[in-house]
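Chain by chain, the residues:
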Amino acid sequence: MSVRVRYAPSPTGSPHVGNIRDALFKHLFAKHTGGTNILRIEDTDRTRYVPGCEEEIVESLQWIGVEYQEGFGIGGDCGPYRQSERKEAGIYAKWVQVLLESGHAYKAFDTSQELEEMREFQKINKQPIGYYGGLWRDASGVQVEEAERAGKPAVIRLKIPRGKTIVIEDFIRGRLEFDSDTVDDPVLIKADGMPTYHFAAMVDDHLMDITHIMRGEEWISSAPKHAWLFDAYGWEKPVFVHCPVIKGKDGSKLSKRHGDTRCLDYRAAGYLPEALANFIALIGWSPGGDRELMTMDELCEAFSLEGLQPSPGVFDLDKLRWMNGHYIRATEAPELVSKVREYAQAGEYKPYFEKEDHASPETIAALELLAGGFKSTPDIAGEAVRLEQERVTTLADFGEACAFFLQEEPPFDPKAVEKWFGQPHVPALIDHLIAALDGRSAITHDECETLVKEYAASAGMEKLGPAVHPTRVALTGKTVGPGLWDLMAVLGPAKMIQRLTRAKAMLG
Ligand code: GLU
């Protein structure tokens, strides 16, 4: 049978990088094996439902390049793919009936106060907390009928066998054994008729012919309940694959301290989806050897469950930044220019860089300037991006890197001014440049080079530095940036004359 896996998020909040990493593993596994990846929305917990979340899940998957061939939004043979709709279709009611009839499930009429008292008792007596039977697991038919007649609300619970070892074969961790006496009887159907995650997910995994339950390691403790459900029905169990958790470099659970957790925040921060996909694929999975930079196609080709690691994966933001810089440099210039343009004009960076933990008004201002530049002088903005390609780490960095091309009056770095404007030849250098540029409408890279070299020769300079550096400071306000001849050609004569004149005025 061909591989069928599912990504089954609960729409209870923005998908974070850990969720998307799991989704990516399923995509890679399905692609590698020629199988099917399914998107199923597990929205049975209505109290935690967050409106807009389903859309964000779909958008995050699309952005990073996770494909699914069946599921929410696209349909397929096993639909509907949203559990609240499956509940309305009567799927869970029908299947729980089977368990009630076979004696594998029972109705429990405990009030919330009774459950609270049970918990208190367990706490005081240092017993495991949970519902291990209570009054109702072995209640007689008469007791149940009475409670029903009295109109008492009931949940339906799974009857976990006692005194048994529940065995799970986990692909990564091997044989896992659980003492069934430590597994409580989970609710399958709540009093309002809604199925719980435990029930809906497993029934759906069976009905959707899921071959591998790939999910985060945090679900291992629920696995005996799930395995027993399959046994209670007499269904063949899928292969369990509990993927490693993601930790920060300091070994603690991944949190805001280690970087952003919301997937789309990486888009807002200027990361390329191919860099993020490459980076997260390697958290907890290894293709073997020291391969690191891999396209999505290469990841699909190389992926295997054997490469999944049992130990936690580490989230290293410095590595992501390095990868992102690599992907920016590897992008063809015209494509990069359109990516930067889209990024600057979409404006998603604004709310992102307004947030307290990474507030940066300078970044916002510079990106707004760049967005404006793409409108008013697209050629200059595009050339600026090309020239800065080598020097940035994220798309957001292009704002500040390109700013001096677009600012009317780029600010002078006082250190640069101090270092290079004090030398006696600078006024003559500036006059030479202004005179040579006067009356020209355009200038090439080579002509700029000749211009500055001519001055250096006429002044008897042995090295170009004393001509190049003050020119750069006069034109850009800084000592660092792209090649001088390149940036001069992009600025063009008119802008250069304006800036040189300003610098001259500053010299006094
Ligand atoms: N709905 C669960 C979640 O949001 C899915 C767990 C599973 O994959 O079994 O994490």
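Residues numbered from 1 in each chain as written. Predicted model: local features only at pLDDT ≥ 70, side-chain atom pairs only at ≥ 80, totals over all residues. Heavy atoms only, no water.

> It is not clear to me how the side chain of Asp 22 should be interpreted in this structure. Could you clarify?
Mapping Asp 22 onto the fold places it in helix α1 (residues 17-33). Judged by relative accessible area, which is 11%, Asp 22 ranks as buried. Sequence-distant contacts of Asp 22, that is, excluding residues within four places in its chain, are made with Arg 215, Gly 216 and Cys 243. (Helix = DSSP H or I, 4+ residues; strand = E, 2+ residues; numbered from the N terminus. Buried < 20%, exposed > 50% of the residue type's maximum accessible area, 1.4 Å probe, protein only. Contact = heavy atoms within 4.5 Å.)

> What's the story with the sheet that holds strand β1 (residues 4-7) in this structure? I'm lost.
Strand pairing in a sheet takes place through backbone hydrogen bonds and is either antiparallel or parallel in direction. Judged by pairing direction, the sheet is parallel, and its three strands sit side by side in the order β1-β2-β3 without closing on themselves. Two strands bound the open sheet, and with one partner strand each, they are β1 and β3 (70-71). Note that β1 and strand β2 (residues 36-39) share four bridges and pair parallel. Looking at the pairing, Arg 6 lines up with Ile 38 of β2. (Pairing = 2+ DSSP bridges.)

> Teacher, can you tell me more about the pattern of salt bridges here?
Side chains that differ in sign of charge can pair as their charged atoms come close. Enumeration according to the criterion identifies 43 salt bridges in this entry. Across the salt bridge formed by Asp 185 and Arg 137, the nearest N and O atoms sit 3.0 Å from each other. Here Asp 185 is found in the loop between β7 (174-179) and β8 (187-189), whereas its partner Arg 137 is found in the loop between α5 (112-124) and α6 (141-149), with 48 residues between them in sequence. Looking at Asp 185, the relative accessible area reads 0%, which means it is buried. The shortest N-O distance in the salt bridge between Glu 388 and Arg 391 comes to 3.2 Å. (Salt bridge = Lys/Arg side-chain N within 4 Å of Asp/Glu carboxyl O.)

> I keep staring at the pairing of β2 and nothing clicks. Help me out?
Each regular strand carries side chains that alternate between the two faces of the sheet. Neither face of β2 is exposed, since Thr 36 and Ile 38 on one face and Asn 37 and Leu 39 on the opposite face are all buried. The handedness of the β1 to β2 crossover, carried by α1, is right-handed. Relative to β3, β2 runs parallel, the two being bridged by two bridges. Of the residues in β3, the one forming a bridge with Ile 38 is Glu 70. For the segment spanning β2, helix α2 (residues 53-64) and β3, crossover handedness is right-handed. (Right-handed = clockwise from strand over helix to strand, strands pointing away.)

> Sorry, what's going on with the sheet that holds β8 here?
Ordered by their spatial adjacency, three strands build an open sheet running β4-β5-β8, and the pairing between neighbours is antiparallel. Sheet topology places β4 (105-108) and β8 at the edges, where each strand pairs with a single neighbour. Within this sheet the neighbouring strands show an average axis-to-axis angle of 45°, counted without direction. The pairing of β4 with strand β5 (residues 155-158) spans four bridges and is classified as antiparallel. Each bridged residue has a counterpart across the sheet, and for Ala 105 the counterpart in β5 is Leu 158. (Axes fitted to C-alpha atoms, helices over the stretch in contact; angles between N-to-C directions.)

> Just checking my understanding: could you explain the environment of Glu 88 for this structure?
Counting through the fold element by element, Glu 88 comes out in helix α3 (residues 83-88). With 240 residues separating them along the chain, Glu 88 and Ile 328 place their C-alpha atoms 48 Å apart.

> Explanation requested: the site of the ligand in the structure shown.
Around the ligand, the surrounding shell consists of Arg 6, Ala 8, Pro 9, Ser 10, Glu 42, Tyr 197, Arg 215 and Trp 219. Arg 6 places a polar side-chain atom, nitrogen or oxygen, 2.7 Å from an oxygen atom of the ligand. In the model, a nitrogen atom of the ligand is placed 2.8 Å from a nitrogen or oxygen of the Ala 8 main chain. The residue inventory of the shell around the ligand, partitioned by class, reads four nonpolar, one polar and three charged. (Near = heavy atom within 4 Å. Polar contact = N/O pair within 3.5 Å; in protein donor to acceptor, adjacent residues only side chain to side chain. Nonpolar A, V, L, I, M, F, W, Y, C, P; charged D, E, K, R; others polar.)

> Looking at this structure, I do not really get the packing of helix α13 (residues 333-346) against helix α16 (residues 378-388). What am I missing?
The description of two helices packed together rests on the angle between their axes and the distance between the axes. At a minimum axis distance of 9 Å, the contact between α13 and α16 shows a crossing angle of 115°. Our classification of the angle between α13 and α16 gives roughly perpendicular. The way α13 lies across α16 gives a crossing that is right-handed. On α16, the residues touching Ala 333, Pro 334, Leu 336, Val 337 and Val 340 of α13 are Gly 382, Val 385 and Arg 386. Each residue belonging to the contact of α13 with α16 can be placed in one class, and the counts come to six nonpolar, one polar and one charged. (Parallel < 35°, antiparallel > 145°, perpendicular 65-115°, else oblique. Left-handed = near helix turned anticlockwise from the far one by under 90°.)

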